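Listed here are the chains, written in short residue letters.
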Amino acid sequence: MDPDTLDRLAHRLRAARAVAAMTGAGISAESGVPTFRGADGLWRTYSAADLATPEAFARDPGLVWQWYRWRRDIIGRAQPNAGHLALARLQARLPAFTLITQNVDGLHQRAGSTNVVELHGNLWRTRCARGCGVVQDSAGDAPGGDGGEGSAAPPACPCGALLRPDVVWFGEPLDEARIDLAVRAAGACDVFLVVGTSALVYPAAGLPLVAGRAGALVVEVNLDDTPLTPHAGIALRGKAADVLPALESRL
């Protein structure tokens, strides 16, 4: 990390009327959260692509819930890292700060961030699979806690339908209201921080481009180059848990 670059960025943040940040799997990986894709996501003989779909839930909701409880058991042991904590402090110190995340693990909220725009939902909530409108916090109601062969019934909605994890599955669109919030924040900010994301998954990957076209300074924090790198005004290479506290300490 170049100190002069961090000082220049800190100056831009202090002068900014509005700041937005978007985080991806990279920041959670630093807390030990696996991606749940590929080898990291294999459970029994199933992959995420086998289970994180509306069709899989319709076919065998108990099996899908067992997998999600296994994921919750892993994620529940993870702790927010210094990158999560630095973003929470930035939100508290800057006049208008919008935090957008592609992650569903809730680590930003546990770090102290508020009003988080969760593009892909939250693993610790459930909602009615039939669509009656019920959404519940549900830290402990999913069956099959050890990922084993348990046969406990999936949780039920008061309307009589089943509850499902309040996350976006493969083949499902993102929530339009959340996308609208994120697009408006990107278009109105002076600095847009992009932390730990591959910049491959749309529409989230388009948000930094929206910010850049509107005149914002786009800042990438990542271990490696991504498709966003050529469009970033500043690219900071390193772990979020190292880069973000170093930046925050200069404000």
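These numbers come from a predicted model, not from an experiment.

Caption draft 1: Structural detail: empty space enclosed by the protein. For the coordinates displayed, the defined rule picks out one cavity of 30 Å³ or more. What the largest cavity holds in volume is close to 40 Å³. In terms of residue count, the dominant contributor to the lining of the largest cavity is helix H7 (residues 107-111) (three residues). Among the residues forming the lining of the largest cavity, the class breakdown is two nonpolar, five polar and two charged.

Caption draft 2: Region of interest: the environment of Thr114. With respect to the helices and strands, Thr114 occurs in the loop between H7 and strand E3 (117-118). With 22 residues separating them in the primary sequence, Thr114 and Ala92 have C-alpha atoms 9.4 Å apart.

Caption draft 3: Representation of the packing of aromatic side chains in the model. Summed over all chains, the structure comprises three aromatic pairs. Here Trp67 and Tyr68 contribute two aromatic rings whose centre-to-centre distance is 4.8 Å and whose plane-to-plane angle is 70°, an arrangement assigned as edge-to-face. Residues Trp67 and Tyr68 agree in their burial class; the two are buried. A cation sits over an aromatic face here: Arg71 above Trp67, 5.1 Å from the ring centre. When the ring centre of Trp169 is taken as reference, the NZ or CZ atom of Arg164 above it lies at 3.7 Å.

Caption draft 4: Spatial organisation of the packing of helix H6 (residues 82-93) against helix H10 (residues 240-248). The N-to-C vectors of H6 and H10 enclose an angle of 30°; their axes lie 7 Å apart at closest approach. With respect to their mutual orientation, H6 and H10 come out roughly parallel. Classified by chirality, the crossing of H10 by H6 is left-handed. Seen from H6, the contacting residues are Ala82, Gly83, Ala86, Leu87, Arg89, Leu90 and Arg93; seen from H10, they are Ala240, Ala241, Leu244, Pro245 and Glu248. Class assignment of the residues belonging to the contact of H6 with H10 gives a composition of eight nonpolar, one polar and three charged.

Caption draft 5: Examining the layout of surface pockets more closely. Of the volumes computed, that of the second largest pocket is approximately 170 Å³. Elements supplying a minimum of two residues to the lining of the second largest pocket: strand E4 (121-128) and strand E6 (163-167). Its residues assigned to classes, the lining of the second largest pocket shows four nonpolar, one polar and five charged.

Caption draft 6: Spotlight on the pairing of strand E2 (residues 97-101). Counting buried residues along E2, four of its five residues qualify, which places the element largely inside the surrounding structure. With five bridges connecting them, strand E1 (residues 19-23) and E2 associate as parallel partners. Within the sheet, the bridge partner assigned to Met22 lies in E2 and is Ile100. As judged from the two bridges shared by E2 and E3, these two strands associate in the parallel manner. Each bridged residue has a counterpart across the sheet, and for Thr101 the counterpart in E3 is Glu118.

Calculation rules
- Residues numbered from 1 in each chain as written.
- Predicted model: local features only at pLDDT ≥ 70, side-chain atom pairs only at ≥ 80, totals over all residues.
- Heavy atoms only, no water.
- 1 Å grid on protein atoms, 1.4 Å probe; cavity = no way out; pocket = protein on both sides within 12 Å on 5 of 7 lines; lining within 4 Å.
- Points joined across faces, edges and corners; volume = space filled by probe spheres on them.
- Helix = DSSP H or I, 4+ residues; strand = E, 2+ residues; numbered from the N terminus.
- Nonpolar A, V, L, I, M, F, W, Y, C, P; charged D, E, K, R; others polar.
- Phe/Tyr/Trp six-rings, centres within 6.5 Å; stacked < 30°, edge-to-face > 60°.
- Buried < 20%, exposed > 50% of the residue type's maximum accessible area, 1.4 Å probe, protein only.
- Lys NZ or Arg CZ within 6 Å of the ring centre and 35° of its normal.
- Axes fitted to C-alpha atoms, helices over the stretch in contact; angles between N-to-C directions.
- Parallel < 35°, antiparallel > 145°, perpendicular 65-115°, else oblique.
- Left-handed = near helix turned anticlockwise from the far one by under 90°.
- Contact = heavy atoms within 4.5 Å.
- Pairing = 2+ DSSP bridges.

Nothing here speaks to function; it is all geometry.
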